[in-house]
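Structural description and commentary
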Amino acid sequence: MSLNTLLRHDVFIVEQLSPTAHERLGQSFYTGTDNAMIDYVAGHLADRDALPPSRQFPHQFLAAYMNASDEDPSKIKTALHDAAEIACGNVPTLPGPVIIGLDTQAYKAQVDPSDSILSLSARLSKYGRGGTDCSLPFVEANEITGASGRYAKQRFAGIVLVSDNESWITSGRPHFNSRYSGYGQNGSTGVMPQWEKFKKTQRGHGIADPKLVCIDIQPYGTSQAPERDDILNIGGFSDAVFNVVSSFLGNDASRFVREVESVQL
């Protein structure tokens, strides 16, 4: 978070005495790049020994990378790239396969397993245009035919739905495909009937208690699902979200309470 501050205070620039004899007599100075300082900062950012204890998460380095100035040295940006990869080891493991859904239209995203975390982020950010419709991830998960049919045949511990501040509405346009039936009246959410269908399917696969986590990045007074034993609504986003989601999906009630109580308000 301090990279732009370092740049603003010329930390990566060193003042040197001009090399020519004439200018040396006049004590003339010029500025150059402080490579030693750049190496120090880059090494600190991508320190494989220091990052795990720091518990920094990848999205923090992604934010720094996205907000880096054009004037930031390329070695610093490369270090942020490396740091994001290392920080993936600090993200808690979610119990079992989990569907991560967004509140928009469904896309078939091409993902390269060799992508770095930052290049993968850039690739996925190209998707997502379209109206808000929180039930679509559930519809895709419940489909039993076609390309999406494979999801209904798989076991999932639950679904994590990520939205902005419009998680309670559909796109407002009628769907004529029977796949999209089950919406409420007057543009209300279709999440609940689709969630119940998902739970029924997963129980048939031996998952006794699937869980739904709804994350509103910019929460207001609405939600797409009521608070229940099988549903958790989270408003806003911070590092604490990862541990809270992991403990909730894992049915670890005591750990879930500890994680919630540890959040600083």
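Before going into details, it helps to say that this report is about the structure given with it. (Residues numbered from 1 in each chain as written. Predicted model: local features only at pLDDT ≥ 70, side-chain atom pairs only at ≥ 80, totals over all residues. Heavy atoms only, no water.)

**Side note on the sheet that holds strand S3 (residues 98-102)**
- With parallel pairing, the 4 strands of this open sheet are ordered in space as S3-S4-S5-S6. At either end of the open sheet lies a strand with only one pairing partner, and these are S3 and strand S6 (231-235). Across the sheet, the mean angle separating the axes of adjacent strands is 15° when strand polarity is ignored.
- Alignment of strand S4 (residues 158-163) against strand S5 (residues 211-216), held across 6 bridges, turns out to be parallel. (Pairing = 2+ DSSP bridges. Helix = DSSP H or I, 4+ residues; strand = E, 2+ residues; numbered from the N terminus. Axes fitted to C-alpha atoms, helices over the stretch in contact; angles between N-to-C directions.)

**Considering the packing of aromatic side chains**
- Applying the stated criterion across every chain yields a total of 4 aromatic pairs.
- Ring centres of Phe57 and Phe242 lie 4.8 Å apart, and the angle between their planes is 90°; on these two criteria the pair is classed as edge-to-face. Separated by 185 residues along the polypeptide, Phe57 in the loop between helix H4 (51-54) and helix H5 (58-66) and Phe242 in helix H11 (residues 240-249) bring together distant segments of the chain.
- Since its relative accessible area comes to 3%, Phe57 is described here as buried.
- The exposure class of Phe242 is partly exposed, given its relative accessible area of 24%.
- Judged by centre distance (5.5 Å) and plane angle (20°), the ring pair of Trp195 and Phe198 falls under stacked. Taken together, the residues Trp195 and Phe198, both in helix H10 (residues 191-204) and 3 residues apart, mark about one turn of the helix. Each member of the pair, Trp195 as well as Phe198, is classed as buried.
- Ring-pair connections join several aromatic residues into one group, and the members of that group are Phe57, Phe237 and Phe242. (Phe/Tyr/Trp six-rings, centres within 6.5 Å; stacked < 30°, edge-to-face > 60°. Buried < 20%, exposed > 50% of the residue type's maximum accessible area, 1.4 Å probe, protein only.)

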